[in-house]
Amino acid sequence: MSSELPGVGPYIRPRRLRSTPAMRRLVSETRLHPAELILPMFVREGITTPEPIGSMPGVSHQSLDSLRRAVNEAAAAGIGGVMLFGIPTQKDAMGSGATDPDGILNVATRIAVEEVGDALVVQTDLCLDEFTDHGHCGVLDAEGRVDNDASLARYREMALAQAASGSQLLGLSGMMDGQVAAVREILDANGYTDTAILGYAAKYASAFYGPFREAVQSSLKGDRRSYQLDPGNRREGAREIMLDVEEGADIVMVKPAMSYLDVLADAAASSPVPVWAYQVSGEYSMVEAAAANGWIDRRRTIEETVIGIKRAGADAVLTYWAVELAGWLRSSLEGEQR
Ligand code: PBG
């Protein structure tokens, strides 16, 4: 059937709904809200003032002092939560700093909870890579391979340390098999039945983590391909989502975001629990670099990337722009109300 009446032109005109700002606003399918943004933060042991991260312009390592200010700023911006990463001064084969109650991440968690624990969901990265001298997400066996089950034992200990520090949501990013079930079991056995688990279910072995590795001063040699997913694998991503849900994850995540929107859409269609996406360091730095060169409009690009991730199915997004974006969302809302 033709959409043209003879001599009249098309009578089906989708452009009608794009004709005015008010009409576009009314028919907009995807809206962002500050509450669905989560800010990842790096807290570094041994510094007293924030230190800019060269590979991530606009992002800094926080000291324990500056963390207090930064989490209050995040709460004032109305975002949903913060995800804390710790950078210790000492690393070893077992990642001892991760389970030390006085280790940087656990201390930072107590501070964040004390400052903003009611306003924000304080979340912690549960993975060994920042704490190990070899830089892997787990511990190694005698042959130097990442030992799945020995790593689970360390994750259990890390979960207890983080829960004891007050973390409300543990971000299991290590990609070891069985990590969600292992952590759920030990939390419950120790009375932490209300501590929630975010399973980084479909985490891909990605070049987009490049700037993060500088940010956490990673000592990794080699790669993570024996535990993170192959970028070409969509079905396997869906399987990992399913497994984390079965093991008891309260929320599942797809990571990175922009190059994996199909995986995210699959997860959003099948998951009975919330699905989040992590807009990772390389996604951030790529936009910042292009914007700094004047090649793209920074604000519009940032908004478009996060809108795209939400449109694909993310219920919430971890993004280094969380606070700035929340500010824009608030000011455009105020502008609309004037
Ligand atoms: C592992 C972890 C990584 C990121 C978050 N958690 C890095 C990795 O797997 O190498 C990457 C985050 C980013 O690139 O922004 N603890």
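Details of the structure are given in the entry above.
In this report, we go over the structure that sits alongside the text. The shown structure was predicted, so the numbers you read here are calculated from the model rather than taken from an experiment.

Helix and strand counts for the chain stand at 11 helices and 12 strands. Relative to the compact-globule value of 20 Å for 338 residues, the chain shows a C-alpha radius of gyration of 21 Å, a close match. For the C-alpha atoms alone, the extent of the chain along its principal axes is close to 80 × 45 × 40 Å. Per-residue burial over the chain gives 50% buried out of 338 residues. At a minimum sequence separation of 6, the contacts of the chain that also span at least 24 residues come to 74%.

Turning our attention to the site of the ligand. Residues in contact with the ligand amount to 18 residues; listed here are only the nearest, Asp129, Arg213, Lys255, Ser281 and Tyr320. Between the ligand and the protein, one listed contact pairs a nitrogen atom with a side-chain N or O atom of glutamate 130 at 3.3 Å. For the ligand, an oxygen atom lies 2.7 Å from a polar atom in the backbone of serine 281. Compared with its free state, where it exposes 410 Å², the ligand has 100% of that area covered by protein. Across the shell around the ligand, the residue classes tally to eight nonpolar, three polar and seven charged.

Now for the state of the cysteines. Enumeration according to the criterion identifies zero disulfides in this entry. You can see cysteine 127 has no disulfide; the closest cysteine sulfur is in cysteine 137, sitting 3.4 Å from it. In this structure cysteine 127 comes out as buried when scored by relative accessible area, which is 1%. Its relative accessible area of 1% is what places cysteine 137 among the buried residues.

A separate point is helix α2 (residues 64-76). End to end, α2 covers 19 Å across 13 residues, agreeing with the expected 18 Å (1.5 Å per residue, within 8%). Those residues of α2 that sit buried are Ser66, Leu67, Ala70, Val71 and Ala74. For α2, the angular spread of the buried residues around the axis is 135°, confining them to a single face. Across α2 from its buried face, at more than 90 degrees, point the exposed residues Asp65, Arg69, Glu73 and Ala76. Glycine 78 sits one or two residues past α2 and shows a positive phi near 80°.

It is worth spelling out a positive patch on the surface at this point. A contiguous patch of positive charge, built from Arg13, Arg15, Arg16 and Arg18, is present on the exposed surface. By the secondary structure assignment, arginine 16 is in the loop between β2 (9-10) and α1 (21-27).

Take the packing of aromatic side chains next. Think of a pair of aromatic rings as described by two things: how far the centres are apart, and how the planes are tilted against each other in angle. Taken as a whole and judged by the stated rule, the model has nine aromatic pairs. Here phenylalanine 42 and phenylalanine 85 contribute two aromatic rings whose centre-to-centre distance is 5.5 Å and whose plane-to-plane angle is 35°, an arrangement assigned as tilted. Of this pair, phenylalanine 42 sits in strand β3 (residues 37-44) while phenylalanine 85 sits in strand β6 (residues 81-87), and the two are 43 residues apart along the sequence. When sorted by exposure, phenylalanine 42 lands in the same class as phenylalanine 85, which is buried.

Below, the discussion takes up the nonpolar core. Ranked by size, the top nonpolar core spans 100 residues in total, and within it Phe42, Ile79, Val82, Leu84, Val183 and Trp276 carry the most contacts. Residue contributions to this core peak at seven residues, all from helix α3 (residues 104-116). Non-local contacts of isoleucine 79, meaning those with residues more than four positions away in its chain, are made with Pro34, Ala35, Leu37, Leu39, Ala74, Leu120, Ala322, Val323 and Ala326.

Taking 1.5 Å of rise per residue, 14 residues should cover 20 Å, and helix α7 (residues 234-247) covers 20 Å from first to last C-alpha, within 8% of that figure. Within α7, the full set of buried residues consists of Gly237, Glu240, Ile241 and Asp244. One face of α7 carries all of its buried residues, which in axial projection span an arc of 100°. When the buried face of α7 is taken as reference, the exposed residues oriented beyond 90 degrees from it are Arg235, Arg239 and Glu246. Elements in contact with the buried residues of α7: α5 (179-189), β9 (196-203), β10 (251-255) and α8 (261-270). Immediately downstream of α7, the backbone of glycine 248 shows phi near 110°, a positive value.

Looking now at the pattern of salt bridges. All told, the structure shown has 17 salt bridges when counted by the stated rule. Between aspartate 250 and arginine 184 there is a salt bridge whose closest N-O contact spans 3.8 Å. Pair noted here: aspartate 250 is in the loop between α7 and β10 and arginine 184 is in helix α5, with a separation of 66 residues, a long-range link. A residue is classified by how much of its surface remains accessible, and aspartate 250, at 33% relative accessible area, is partly exposed. Put simply, arginine 298 and glutamate 288 hold a salt bridge, and the shortest N to O gap is 2.9 Å. Here arginine 298 is found in helix α10 (residues 298-312), whereas its partner glutamate 288 is found in helix α9 (residues 281-292), with 10 residues between them in sequence. When salt bridges with common partners are traced through the structure, they connect Arg68, Glu114 and Glu115 into a single cluster.

What counts, and where the lines are drawn
Residues numbered from 1 in each chain as written. Predicted model: local features only at pLDDT ≥ 70, side-chain atom pairs only at ≥ 80, totals over all residues. Heavy atoms only, no water. Helix = DSSP H or I, 4+ residues; strand = E, 2+ residues; numbered from the N terminus. Rg over C-alpha atoms; globule rule 2.2 N^0.38 Å. Buried < 20%, exposed > 50% of the residue type's maximum accessible area, 1.4 Å probe, protein only. Contact = heavy atoms within 4.5 Å. Near = heavy atom within 4 Å. Polar contact = N/O pair within 3.5 Å; in protein donor to acceptor, adjacent residues only side chain to side chain. Areas by Shrake-Rupley, 256 points an atom, 1.4 Å probe, with all protein chains shown as cover. Nonpolar A, V, L, I, M, F, W, Y, C, P; charged D, E, K, R; others polar. Disulfide = S-S within 2.5 Å. Expected span 1.5 Å × (residues − 1). Arc of directions from axis to C-beta. Patch = residues over 30% accessible without salt bridge, like charges linked within 9 Å, V, L, I, M, F, W, Y side chains within 5 Å. Salt bridge = Lys/Arg side-chain N within 4 Å of Asp/Glu carboxyl O. Lys, Arg positive; Asp, Glu negative; His and termini not counted. Charge placed at Lys NZ, Arg CZ, Asp CG, Glu CD. Phe/Tyr/Trp six-rings, centres within 6.5 Å; stacked < 30°, edge-to-face > 60°. Core = buried A, V, L, I, M, F, W, Y, C linked by side-chain atoms within 4.5 Å.

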